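# Survey of secondary and tertiary structure
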Amino acid sequence: MSTLIFRTTAPYLTSLMILFSLFVLLRGHNDPGGGFIGGLIAASAFAIYGIACGVPAARRALYFHPMAISGFGLLLAGLSGVVSLFLEVPFLTGIWTSINVLGISVDISTVLGFDTGVYLVVVGSITSIALALEERGHP
Amino acid sequence: MAQNAAEAADLAHALVLAPTSAADWVVVAPVAIPIVAGALLMMLRHETRWHAGLAIGALLATFLSNVLLLHRVLTDGPLVMTMGRWLPPFGISFAADVLGASLALVATLVALVGAVYAIADIGTVGRRYGFYPFLMLMMAGVGGAFLTGDIFNLYVWFEVFLISSFGLLVLGSEHPQLDGTTKYAILNLIGTTLFLITVSLLYGAFGTLNMADIARKAGNFRETAPLTTLAALFLLAFGMKAAAFPVNFWLPASYHTPRIVTAALFGGVLTKVGVYALLRTLVMLFPLERDMLSCLIAWGAAATMIIGIMGALAQTDIRRVLGFVVISGVGVMLAGLALGTAEGLSGTIFYAFHSMIVMTALYLLAGVMNGLAGDYSLRSLSGFYASHPLVAAFALLLMLAAAGLPPASGLWPKVLLVRAAIDTGWPWLAFAILATGLLTTLALGRMFLLAIWRMPSGPAPVSAISPRLGYIALGVLALPVLLIGLYPEPVIAVAERAAAGILDSSTYIGSVFPEGAVQ
């Protein structure tokens, strides 16, 4: 799998796929997409990077351990549900607010926090499995 | 203003508009706390010295919220919270009644003791493999299964604790563990898939997944929908989870392989989730269909009891003996389900409390004996009566409890079940329960005779380390066993209220659908 063409294109392909996964994550609220499918796209990006450049390089690129990313996602998703405790509404109720970024008002919500959590759980766990399998494949 | 009023009226068709007080959060806290703690532990995977403290703290918080929840449910009736404020049949409800809240409380107590015992039993390697995160996520799944009011959500929580249990089971990756885990995983996945198929069949017929909604609509569908098929499929799927004969083979094949704490928690808690799901679906959702199947359930129950305990008589490894004792206990619980009377069901529920505590304690006792003598085999264990009288005392009490003899907790649920069986006109079922008690006394008495009373043949390699944590864990579990045995009234009262709550589901339905709206 270490042909010159693949190794040269893999970093570009990976960065494009991660960018696309973020796009899919963010459009997921009203259109097809969302945290789960976005996470799968990002995880396959890291898997490709691992195949092309080796697992150690992929782990360095991730910086955090995949399981830690997964844990952070779960924490984020769980805490997004708890925010509604302070507004007298049930667990996991979506709470919306808008902030002003450079003159444009952007709607943010706990729903986005939950979806980002799902995204990170999927990225972390699938990447963890993929990298472990790739490590076993090349003793 | 007028526009706002119209908008509010529209919202009332979709959302729960009544404010939710912070006190209502006790119904999700037993699930939310372990999930958040499990996530934190996953992030701190390499900081192994933090694991035990964090997990025990979180389980303590879960335990306290379960105590509050049970108290609330006992005083005010079922407590309901629908996620995301959507109105019940569409939003996913958490609905805690006495049955779910009390079982969740006992399960958390057992898990707390297990987490304390694991401080000594699970070393750094086990922690790095993720013992504590898996434990927390498993308890989140168990708590969710006990408290959810939605049948598909119940499936999800089954998956959550099942996947975590795979992780716990294979912790260490030794050869027999891989072997046990493969059998456990494949057979349990078949059971879960069957459950999922049944849920989709149910959804196709009813168009709803909310259990209160199913319970109140079941009467309308008796003519058109295959309700008996659904009930039979639930019986098979959850019977597999609960390890009822003839679908119990996964349990003896796997429960002796993992670390002893894991085996203790599995033997104590996981099969009871299957029994709980059987109670919820067969008694609350499909009572008439359960009547139709009751004879089949009764034969299954008797076979599970007798064949289970026969297996225990034939084993020499203590962990295998206990695996079969777990199975025979499931048979006793199924006997109450087969009877379906208030007394029989309260016997089942009481037995579930008792069995969770006693089976966990028995596995931990095996762990303590292994820690002292370095073996699980009845061929070589001997002489604890002389060397460790405290072990002998715990063993005696737990043996009496498991066999259903006074002064321990096992007596009372069996009394309830035997009386209910005779009242129903099934003396053979009462006989099966009593015969199981006798055989359990034999199986565990054999263990007591060989491991505790027998004179050591040579200088036994007795470890110098005193199993202090083991004694603490056993003491915490043995105390309720003895207290319930001596003063069972409060527990019987709770079990009777739990049984009444599923036999007459109108209070449960009324708490999920306050105005009887959206028919």
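Residues numbered from 1 in each chain as written. Chains lettered and ligands numbered in written order. Predicted model: local features only at pLDDT ≥ 70, side-chain atom pairs only at ≥ 80, totals over all residues. Heavy atoms only, no water.

Per an unreviewed UniProt entry, chain B goes by the name Na+/H+ antiporter subunit D and belongs to Chelativorans petroleitrophicus. Entered under Sequence similarities (unreviewed entry) in the UniProt record, the comment concerning chain B runs "Belongs to the CPA3 antiporters (TC 2.A.63) subunit D family." (UniProt positions renumbered as here; feature names shortened; annotations may be inferred.)

Chain A carries the name Na+/H+ antiporter subunit B in an unreviewed UniProt entry, which gives Chelativorans petroleitrophicus as its organism. In UniProt, chain A has this text filed under Sequence similarities (unreviewed entry): "Belongs to the CPA3 antiporters (TC 2.A.63) subunit B family."

What follows is about the overall build of chain A. Looking only at helices and strands, chain A has five helices and two strands in total. Along its sequence from the N terminus, chain A presents helices and strands in the succession α-α-α-α-β-β-α. For chain A, the spread of C-alpha atoms along the principal axes amounts to about 55 × 30 × 25 Å. Within the span of chain A, comprising 139 residues, buried residues form 40% of the whole. Residue pairs at least 24 apart in sequence account for 63% of intrachain contacts in chain A once pairs closer than 6 positions are excluded. Of the roughly 8000 Å² of accessible surface on chain A, a fraction of 72% belongs to carbon and sulfur atoms. On chain A, the mean spot of the 5 positive side-chain charges and the mean spot of the 6 negative ones are 21 Å from each other. (Helix = DSSP H or I, 4+ residues; strand = E, 2+ residues; numbered from the N terminus. Buried < 20%, exposed > 50% of the residue type's maximum accessible area, 1.4 Å probe, protein only. Contact = heavy atoms within 4.5 Å. Areas by Shrake-Rupley, 256 points an atom, 1.4 Å probe, with all protein chains shown as cover. Lys, Arg positive; Asp, Glu negative; His and termini not counted. Charge placed at Lys NZ, Arg CZ, Asp CG, Glu CD.)

The next thing to look at is the nonpolar core. In terms of nonpolar packing, the biggest core is built from 202 residues, with I151, F195 and F286 of chain B touching the most fellow members. The residues touching F286 of chain B, leaving out its near neighbours within four places in the chain, are L202, F206, I214, L227, L230, A231, F234 and T281 of chain B. Counting residues in each nonpolar core, the second largest holds 13 residues, with F46, A57, Y119 and V123 of chain A among its members. (Core = buried A, V, L, I, M, F, W, Y, C linked by side-chain atoms within 4.5 Å.)

Here the focus is the UniProt feature "domain: Na+/H+ antiporter MnhB subunit-related protein" (unreviewed entry) in chain A. Per the UniProt annotation, the sites labelled "domain: Na+/H+ antiporter MnhB subunit-related protein" (unreviewed entry) are residues 5-127 of chain A. Its end C-alpha atoms 23 Å apart, residues 5-127 of chain A is made of 69% helix and 10% strand.

A separate point is the UniProt feature "transmembrane region" (unreviewed entry) in chain A. Residue and element names in this part refer to chain A. The positions that UniProt labels "transmembrane region" (unreviewed entry) are, in the present scheme, residues 12-29, 35-57, 69-96 and 116-133. Strand forms 4% of residues 69-96 and helix 50%; the C-alpha atoms that close the span are 25 Å apart. With 100% helix and 0% strand, residues 116-133 has its two end C-alpha atoms placed 26 Å apart.

A word on helix α4 (residues 66-82) of chain A. A rise of 1.5 Å per residue sets the reference length of α4 of chain A, with its 17 residues, at 24 Å; its end C-alpha atoms lie 25 Å apart and thus fit the reference within 8%. Along α4 of chain A, the residues that are buried comprise P66, A68, I69, S70, G71, G73, L75, A77, G78, S80 and G81 of chain A. (Expected span 1.5 Å × (residues − 1).)

For the rest of this paragraph, the subject is the interface of chain B and chain A. Between chain B and chain A, the contact holds 19 residues from the first and 19 residues from the second. The three residues of chain B that bury the most area against chain A are W25, M42 and M43 of chain B, which together make up 33% of that side's buried surface. At the junction of chain B and chain A, the tally comes to zero salt bridges. Across the contact surface, chain B and chain A share two residue pairs in polar contact (both at pLDDT 80 or more). For the side of chain B that touches chain A, the secondary-structure elements that each account for two or more residues are α2 (29-43) and β1 (79-82) of chain B. With seven residues, the single largest contributor to the side of chain B that touches chain A is α2 of chain B. (Buried area = accessible area lost by both parts, 1.4 Å probe. Salt bridge = Lys/Arg side-chain N within 4 Å of Asp/Glu carboxyl O. Polar contact = N/O pair within 3.5 Å; in protein donor to acceptor, adjacent residues only side chain to side chain.)

So, on to the pattern of salt bridges. Two side chains of opposite charge can pair, provided their charged atoms sit close to one another. Residues and elements named next belong to chain B. Throughout the structure, instances matching the rule amount to 12 salt bridges over all chains. A salt bridge links E47 to R49, with the nearest nitrogen and oxygen atoms 3.4 Å apart. One salt bridge connects D97 with R280, and the closest N-O pair in it is separated by 2.8 Å. Linking D97 in the loop between β2 (93-96) and α4 (98-121) with R280 in helix α12 (residues 260-285), this pair joins segments that are 183 residues apart in sequence. For D97, a relative accessible area of 4% puts it in the buried group. Classification of R280 as buried rests on a relative accessible area of 0%. Each of D24, R72 and D76 takes part in salt bridges that share partners, so that together they form one network.

Another point: empty space enclosed by the protein. Residue and element names in this part refer to chain B. Scanning all chains against the criterion turns up four cavities of 30 Å³ or more. Size it by volume and the largest cavity reaches roughly 90 Å³. Looking at the largest cavity, it is lined by 13 residues, and the ones nearest its centre are V325, G329, Y351, M359 and A402. The set of elements that each furnish at least two residues to the lining of the largest cavity consists of α14 (318-339), α15 (342-373) and α19 (427-453). Per-element tally for the lining of the largest cavity: the top contributor is α15, with five residues. (1 Å grid on protein atoms, 1.4 Å probe; cavity = no way out; pocket = protein on both sides within 12 Å on 5 of 7 lines; lining within 4 Å. Points joined across faces, edges and corners; volume = space filled by probe spheres on them.)

Assignment of secondary structure puts T93 of chain A in the loop between α4 and β1 (96-101). On the accessibility criterion, T93 of chain A (4% relative accessible area) is buried.

Here we take up the packing of aromatic side chains. Residue and element names in this part refer to chain B. Going through the model one piece at a time under the given rule, you end up with 27 aromatic pairs over all chains. Residues F158 and F195 carry aromatic rings whose centres are separated by 5.5 Å and whose planes lie at 75 degrees to one another, so their mutual orientation is edge-to-face. Separated by 37 residues along the polypeptide, F158 in helix α7 (residues 151-170) and F195 in helix α8 (residues 175-206) bring together distant segments of the chain. Since its relative accessible area comes to 1%, F158 is described here as buried. On the accessibility criterion, F195 (0% relative accessible area) is buried. Positioned over the ring face of F513 is R216, at 3.9 Å from the centre of the ring. Just above the ring of Y376 sits the side chain of R319; from NZ or CZ to the centre is 3.8 Å. (Phe/Tyr/Trp six-rings, centres within 6.5 Å; stacked < 30°, edge-to-face > 60°. Lys NZ or Arg CZ within 6 Å of the ring centre and 35° of its normal.)

Describing two packed helices takes the angle between their axes plus the distance from one axis to the other. All names here are of chain B. Running from N to C, helix α17 (residues 389-403) and helix α20 (residues 468-486) cross one another at 35 degrees; their axes reach a closest spacing of 11 Å. Handedness of the crossing formed by α17 with α20: left-handed. Residues L390, V391, F394, L397, L398 and A401 of α17 touch α20, and the partners they reach there are Y471, L474, G475, A478, V481 and L482. Of the residues belonging to the contact of α17 with α20, the class tally is 11 nonpolar, one polar and no charged. (Axes fitted to C-alpha atoms, helices over the stretch in contact; angles between N-to-C directions. Left-handed = near helix turned anticlockwise from the far one by under 90°. Nonpolar A, V, L, I, M, F, W, Y, C, P; charged D, E, K, R; others polar.)

Of all residues except glycine, most have a negative phi; of all peptide bonds, most are trans. Here the amide bond leading from F245 of chain B into P246 of chain B is cis, since omega sits at 0 degrees, within 30 degrees of zero. Mapped onto the elements of the fold, P246 of chain B is located in the loop between α10 (227-242) and α11 (250-254). Omega for the peptide link from P406 of chain B to P407 of chain B comes to 5 degrees, which places this bond in the cis form. Residues other than glycine seldom take positive phi values, yet Y63 of chain A does so here, at roughly 70 degrees.

Here we take up the environment of T116 of chain A. All names here are of chain A. Inspection of the secondary structure puts T116 in helix α5 (residues 110-137). Looking at T116, the relative accessible area reads 23%, which means it is partly exposed. Distance in space between the C-alpha atoms of T116 and G71 is 12 Å, their sequence separation being 45 residues. Not counting chain neighbours up to four residues away, the residues in contact with T116 comprise L25 and L76.

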